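Remarks on the overall topology
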Amino acid sequence: MVMYDTIHSWYDISDTEYNSMVRLLEPRLIGVCHSMSQYGKRMTGNCYNQKVVVTERRIKIIGSLPKYYYGYNYKTLSLPDTWLAIEKLSDELHLPLIEFNVSRIDFATNFSMEFKPEVYYPYLGNCHPYDRLVQPESLLYKLGLREKAFYDKVVEGKKNKAAIPKEFIGMNLLRYELRYTHNLLRQFNKSKLILSNLFNEEFYLNLVALWGAEYANISKVGTMGIKIENIKSKSD
């Protein structure tokens, strides 16, 4: 099953609301830091793995939903659990998160492979108009508004000093991630994109199709053995 991972969202506030938002959120965050710059006042903190930023213009929330909900993001969230994760975070922060605008979506899943993930990178060729960037432990396809990433999920977890769930220890987990990083309204041809849209089945299934198509558009060298074309619904 392919599902949402990291989400960036924001909500506009006025400068007169800044102090009340700080009073509301500060007791609910850890690692709180206050600062001042030419752009005005700023408070940052964390709610578990979710980074919360409050400025005099807006509130931003950044983080992996499965990592917040499960404590790790090796397992993908179901669509109902995605809703529950947003609802839980809304309750913790006392904010109407379903009304927050979405500025980034990472859409991903893991594949259990026979060999280590880096063995498969040479089988993935060019993909116009993306730049193909071979990293020390990953493969990245980069375009101005989005990226496609392939990497070893277990190695990434170890690098971030994150606990590996016992059911995934010793597995060769190849992560394929499609990241919409900029100008989502243009990419999805929408005048507005808010968190509640992520639970719309039509929007979700369109993302599944785009995720699969982006993989299909990569030139293949030989056979990788990933059956992405079989993932077409919420249950796959």
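Described below are features of the structure shown in this document. (Residues numbered from 1 in each chain as written. Predicted model: local features only at pLDDT ≥ 70, side-chain atom pairs only at ≥ 80, totals over all residues. Heavy atoms only, no water.)

1. Quick notes on the pattern of salt bridges
- Evaluated as defined, the whole model comprises 12 salt bridges.
- With its nearest N and O atoms 3.0 Å apart, the salt bridge here joins Glu137 to Lys159. With Glu137 in the loop between strand E7 (131-134) and strand E8 (138-142) and Lys159 in helix H4 (residues 153-159), the pair connects residues that are 22 residues apart, well separated along the chain.
- A relative accessible area of 58% means that Lys159 is categorised as exposed.
- Between Arg179 and Glu147 there is a salt bridge; the shortest N-O distance is 3.2 Å. Note that Arg179 is positioned in strand E10 (residues 172-180) and Glu147 in strand E9 (residues 146-152), a separation of 32 residues in sequence.
- With a relative accessible area of 15%, Arg179 lands in the buried category.
- Several salt bridges converge on common partners, so that one network encompasses Asp5, Lys142, Glu147, Arg175, Glu177 and Arg179. (Salt bridge = Lys/Arg side-chain N within 4 Å of Asp/Glu carboxyl O. Helix = DSSP H or I, 4+ residues; strand = E, 2+ residues; numbered from the N terminus. Buried < 20%, exposed > 50% of the residue type's maximum accessible area, 1.4 Å probe, protein only.)

2. Looking at the packing of aromatic side chains
- Overall, the coordinates contain 18 aromatic pairs when judged by the stated rule.
- Measuring from ring centre to ring centre gives 5.9 Å for Phe107 and Tyr204, while their planes differ by 70 degrees; the resulting arrangement is edge-to-face. In this pair, Phe107 sits in strand E6 (residues 101-113) while Tyr204 sits in helix H6 (residues 201-216), placing the two residues 97 residues apart along the sequence. Across the pair, exposure class does not vary: Phe107 and Tyr204 are buried alike.
- The interplanar angle of 45 degrees and the centroid separation of 4.7 Å between the aromatic rings of Tyr180 and Phe188 together place this pair among those described as tilted.
- Taking relative accessible area as the criterion, Tyr180 reaches 3% and is therefore assigned buried.
- For Phe188, a relative accessible area of 10% gives the class buried. (Phe/Tyr/Trp six-rings, centres within 6.5 Å; stacked < 30°, edge-to-face > 60°.)

3. Thoughts on the pairing of E6
- Of all 13 residues in E6, 11 are buried, a share of seventy percent or more.
- One ladder, built from six bridges, connects strand E1 (residues 3-12) with E6; its direction is antiparallel. Bridge pairing in E6 places Trp10 opposite Asn101.
- In this structure, E6 lies alongside E10, joined through nine bridges in antiparallel fashion. By the bridge assignment, Ser112 is partnered in E10 with Leu173. (Pairing = 2+ DSSP bridges.)

4. A word on the nonpolar core
- In terms of nonpolar packing, the biggest core is built from 60 residues, with Tyr4, Val54, Leu93, Leu95, Ile105 and Phe150 touching the most fellow members.
- With six residues, H6 is the single largest residue contributor to this core.
- Ignoring sequence-local partners within four residues, the contact set of Val54 consists of Ile13, Tyr18, Met21, Leu25, Lys41, Arg42, Met43 and Ile59.
- Counting five residues, the second-largest nonpolar core is a separate cluster that includes Tyr72, Tyr74, Phe168 and Leu173. (Core = buried A, V, L, I, M, F, W, Y, C linked by side-chain atoms within 4.5 Å. Contact = heavy atoms within 4.5 Å.)

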